[in-house]
Amino acid sequence: MTLETSETEKRGWFQRLKAGLTRTSTKITGSITGIFTKKKLDRALLEELEEALIAADMGPATAARLTEALAKDRFDKEITEQEVREVFATEIANILKPVAQPLVLSDREPHVVLVIGVNGSGKTTTIGKLAQNYKRAGKNVMLAAGDTFRAAAVEQLKIWGERAGVKVVAREAGADAAGLAYDALAAAKAEGADLLLIDTAGRLQNKTDLMAELQKIIRVIRKLDPEAPHSTLLVLDATTGQNAHSQVEIFKAMCDVTGLVITKLDGSAKGGVLVALAEKFKLPVHAVGVGETADDLRPFDAEVFAKDLMDV
Amino acid sequence: MFEKLQERLNGVFDKLTRRGALSEADVDEAMREVRVALLEADVALPVVKDFVAKVREGAVGERVVKSVTPGQMVVKLVHDELVKTLSAGEGVEPGLDLNAPAPVPILMVGLQGSGKTTTTAKIAKRLFEQRGKRVLMASLDVRRPAAQQQLAILGEQVGVKTLPIVLGETPVAIAKRAIQMGRLEGFDVVLLDTAGRLAIDEELMSEVAEVHAAAKPHETLLVADAMTGQDAVNVAKAFKERVNVTGIALTRVDGDARGGAALSMRAITGCPIKLIGVGEKMDALEDFHADRISSRILGMGDIVSLVEKAIETTEAEEAERLAKKMQKGEFDMNDLAGQLKQLQKMGGLASIAGMLPGLGKMQKQLEGRVDDKVIRRSLAIISSMTPKERRNPDLIKASRKNRIAKGCGMQVQDVNKLLKQHLEMARMMKQVSKLGQKGLMRSGMAGLMKGGAGGMGGPPPFGGRR
Ligand SMILES: Nc1nc2c(ncn2[C@@H]2O[C@H](COP(=O)(O)OP(=O)(O)O)[C@@H](O)[C@H]2O)c(=O)[nH]1
Ligand SMILES: Nc1nc2c(ncn2[C@@H]2O[C@H](COP(=O)(O)OP(=O)(O)O)[C@@H](O)[C@H]2O)c(=O)[nH]1
Ligand SMILES: [Mg+2]
Ligand SMILES: [Mg+2]
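Criteria and thresholds
Residues numbered from 1 in each chain as written. Chains lettered and ligands numbered in written order. Predicted model: local features only at pLDDT ≥ 70, side-chain atom pairs only at ≥ 80, totals over all residues. Helix = DSSP H or I, 4+ residues; strand = E, 2+ residues; numbered from the N terminus. Buried ≥ 20, exposed ≤ 12 C-beta atoms within 10 Å, placed from the backbone. Contact = placed C-beta atoms within 7 Å. Pairing = 2+ DSSP bridges. Axes fitted to C-alpha atoms, helices over the stretch in contact; angles between N-to-C directions. Left-handed = near helix turned anticlockwise from the far one by under 90°. Nonpolar A, V, L, I, M, F, W, Y, C, P; charged D, E, K, R; others polar. Near = placed C-beta within 6 Å. Parallel < 35°, antiparallel > 145°, perpendicular 65-115°, else oblique. Arc of directions from axis to C-beta.

A.B. asks: Explain the overall build of chain B here, please?
C.D. replies: Assigned secondary structure in chain B consists of 21 helices and ten strands. Across the 466 residues of chain B, 47% fall into the buried class. In chain B, once contacts between residues fewer than 6 apart in sequence are set aside, the share between residues at least 24 apart is 76%.

A.B. asks: Sorry, what's going on with the sheet that holds strand S6 (residues 189–193) of chain B here?
C.D. replies: Two pairing modes exist for strands in a sheet, parallel and antiparallel, and in both the strands are linked by backbone hydrogen bonds. Residue and element names in this part refer to chain B. Pairing is mixed in the open sheet, where eight strands are placed in the order S5-S4-S6-S3-S7-S8-S9-S10. Each having just a single partner strand, strand S5 (161–162) and strand S10 (285–287) make up the two edges of the open sheet. Helix-sheet contacts for helix H10 (residues 261–269) involve strand S7 (219–225), strand S8 (247–251) and strand S9 (273–277), and the interaxial angle to S8 is about 170°.

A.B. asks: Help me understand the packing of helix H9 (residues 232–243) of chain B against H10 of chain B in this model?
C.D. replies: If you want to describe how two helices pack, look at the angle between their axes and the distance between the axes. All names here are of chain B. Two elements in contact, H9 and H10, have axes whose closest approach is 9 Å; the angle formed by their N-to-C orientations is 35°. Crossing geometry of H9 relative to H10 is assigned as right-handed. Within the contact between the two elements, H9 uses Ala232, Val233, Ala236, Lys237 and Lys240 and H10 uses Ala261, Ser264, Met265, Ile268 and Thr269. Taken together, the residues of the contact of H9 with H10 break down into six nonpolar, two polar and two charged.

A.B. asks: Sorry if this is basic, but what is going on with the site of ligand 1 here?
C.D. replies: If you check the shell around ligand 1, you find 22 residues, and the closest are Gly122, Thr125 and Gly289 of chain A together with Gln112 and Gly113 of chain B. More than one chain approaches ligand 1, the contributing ones being chains A and B.

A.B. asks: Please explain the packing of helix H5 (residues 123–136) of chain A against helix H6 (residues 153–164) of chain A as it appears in this structure.
C.D. replies: Residues and elements named next belong to chain A. Close contact between H5 and H6 brings their axes to 9 Å; oriented N to C, the two are set at 20°. Considering their axes alone, H5 and H6 lie roughly parallel with respect to each other. H5 and H6 meet at a crossing whose hand is right-handed. Contact with H5, carried on its side by Thr124, Ile127, Gly128, Ala131, Gln132 and Lys135, involves Ala153, Gln156, Leu157, Trp160, Gly161, Arg163 and Ala164 of H6 and no other residues of that element. Residues that form the contact of H5 with H6 fall into these classes: six nonpolar, five polar and two charged.

A.B. asks: Any chance you could explain helix H11 (residues 302–310) of chain A here in plain terms?
C.D. replies: Since the α-helix advances by 3.6 residues per turn, residues separated by three or four positions end up pointing in the same direction. Residue and element names in this part refer to chain A. Residues Ala302, Phe305, Ala306, Leu309 and Met310 constitute the buried set of H11. The arc that holds every buried residue of H11, seen down its axis, measures 125°, which confines them to one face. Those residues of H11 that are buried lie in contact with helix H2 (43–55) and helix H4 (81–96). Immediately downstream of H11, the backbone of Asp311 shows phi near 60°, a positive value.

A.B. asks: Please clarify how the site of ligand 2 should be interpreted in this entry.
C.D. replies: Near ligand 2 there are 22 residues, and of these Asn119 of chain A together with Gly115, Thr117, Thr118 and Gly277 of chain B occur at the shortest range. With respect to ligand 2, its neighbouring residues span chains A and B. When its residues are assigned to classes, the shell around ligand 2 shows three nonpolar, 14 polar and five charged.

The analysis is restricted to geometry; functional conclusions fall outside its scope.
Given below as structure tokens:
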């Protein structure tokens, strides 16, 4: 085949795809009128809903299973699309409700929260947000700049500390993160702080050596408090697709994750993978990030999340 | 979940091996599993749908290689199409295009935390160390705390200069100052790192559009995380529309994500994936290889290599068979069809001629003259013949010619032309076999071309203008 031919073919495919996308969006507008007209719940409508779930990152298996289960008693009944979507949203909310649990602080002094996750997921920002929230609630908060690897990660956390008006324990870049965490916990104990939030460097879950470093941090702070960390938060980026399964699975196995925070839900990503995660791992989801400022942290609300997911 | 998928796939692919062409049912059954595999790999739904439709269209009727199941054959075809789609296309240089007057501005864009700053510094290091460029970096990120400092520190680490930070400056002003400094101080390349932004954040999207308008970058790289899910389409579409992305840098390929976002973004933007990030260190930047990512996205590498092996074996057997026939002076329409299909796959006569020593001149003549359409038409005519006619083309006389022409929607003279070409080739085959060069025969048409070049002197068969 000559080069020219394959190029035209390729362009043709992109064009078609573009047209397809336009079609999809026209379909969405079109269905706004169609959405309130009653019709039989048929295969076509179900397929559309299943696709909506897939497009929200729910994963093909979960999307198919949910669609089937939800359709079971309603098949062939007269129902509007709006109604089906609402039914779906309710069912999804029911799956998520058990995991919608706020972060509860113990009366340990300090309650130690270790914040972990892959690179760039929003750990440092989430710590900044939590610090501000708890400080406002009258808690004595301290931060530990445990990301000693990434350039300017310490400076970034220091700025968040300044904004919240809380103390940041830090060492120079390249320092041992476990040692720093130990120092920070010692300082927090000495000060009688209520809450110590420990930032960590981002790491991909398949890097065994980096995961071992996290375990070392935990081992070392346990010398000061055998029950620390009292909470271990895994920060997930809502833009992430099915790899979130692997993230939760491995971080949980390695570090005993106690809860999740989902960030960047202010974007167009829906974070649908959370539904499967909730069923599989049953980890509490404490909060969601909806922006880059300190005020952009919300408690996780199963109903709101499910409604967003189903566009109702 | 992944294991379950593999099990299911085995269910489909363990079916009896069968010779012959792929039926619609074969293809549909396998494509259902492929669709799931692609979705599990985070390829975005609209892209999956189009891709599946495209492969399906091409796969129905394809020959199933011996000792391979139809399902396995489909997987191989899917893999090939993936590689083709993900490749930048022939003639496109890998890596960054710096073909513009210095200082060449390069703009880095993407979502929050996707790896823009890290990738900027990695690129700077690479351009400086491998291509000897004088590079200036500037951070336009006035939002994320210490973002400008981050780039400054990385600049020191890799030995690349960064634009001095002026507090309170807008991104557009920083971009202008960077380019000005690049010009005044004789830099070759100016890398502009920007703040992360969501595709639906109108305020920030118009800010980056302004930066784009002011800096007029020669390359605009969309930096995207290999773990990105379905949102990849929205991101790619929005950035392509607003800042005319020219290439993609995929980060965190060192993770265990299947990386379907690569296909989504490639499809939506039409831009090549230029670079991949494979770690946090400054040298963890590599050129993109379509075949590696394809295997990863599809996650069926075993099946693909199994089919490749089978194809190799079959091709060797085929060549052997052909060589034997040629020695006996037999060369029927089936053989011609086989050779034509081979040609189609190999990329035209011109490229084959280029592969043979001493045929450079001929390659020039052939260039632009070999048309896939001609090959396809010839194949259509052959497929319109009965098996008997194919085995014995001498049978084809007037009435048969009429029927064949009708069957493929062409003229009798087209059929005549093909028959004449076949005769010529059969004659050449005999010549070649007389020479007894077994090695040549093994390479089929390619070997033939060499014989033809000496023996005929005229235009080779199947050369024709489109
Ligand atoms: N839009 C948005 N951006 C966020 C959110 N959380 C974090 N970010 C941004 O994501 C980027 C990476 O965040 P950071 O906290 O540094 O990630 P880390 O590497 O996990 O510590 C920064 O640009 C943050 O401003 C969120 O909820 N919404
Ligand atoms: N493992 C890995 N980490 C990366 C890669 N590229 C960037 N990172 C990390 O991702 C995080 C965010 O990167 P950064 O460049 O600050 O992202 P930005 O917000 O888009 O500028 C940092 O922790 C980087 O070290 C990569 O290819 N592999
Ligand atoms: Mg951080
Ligand atoms: Mg940055």
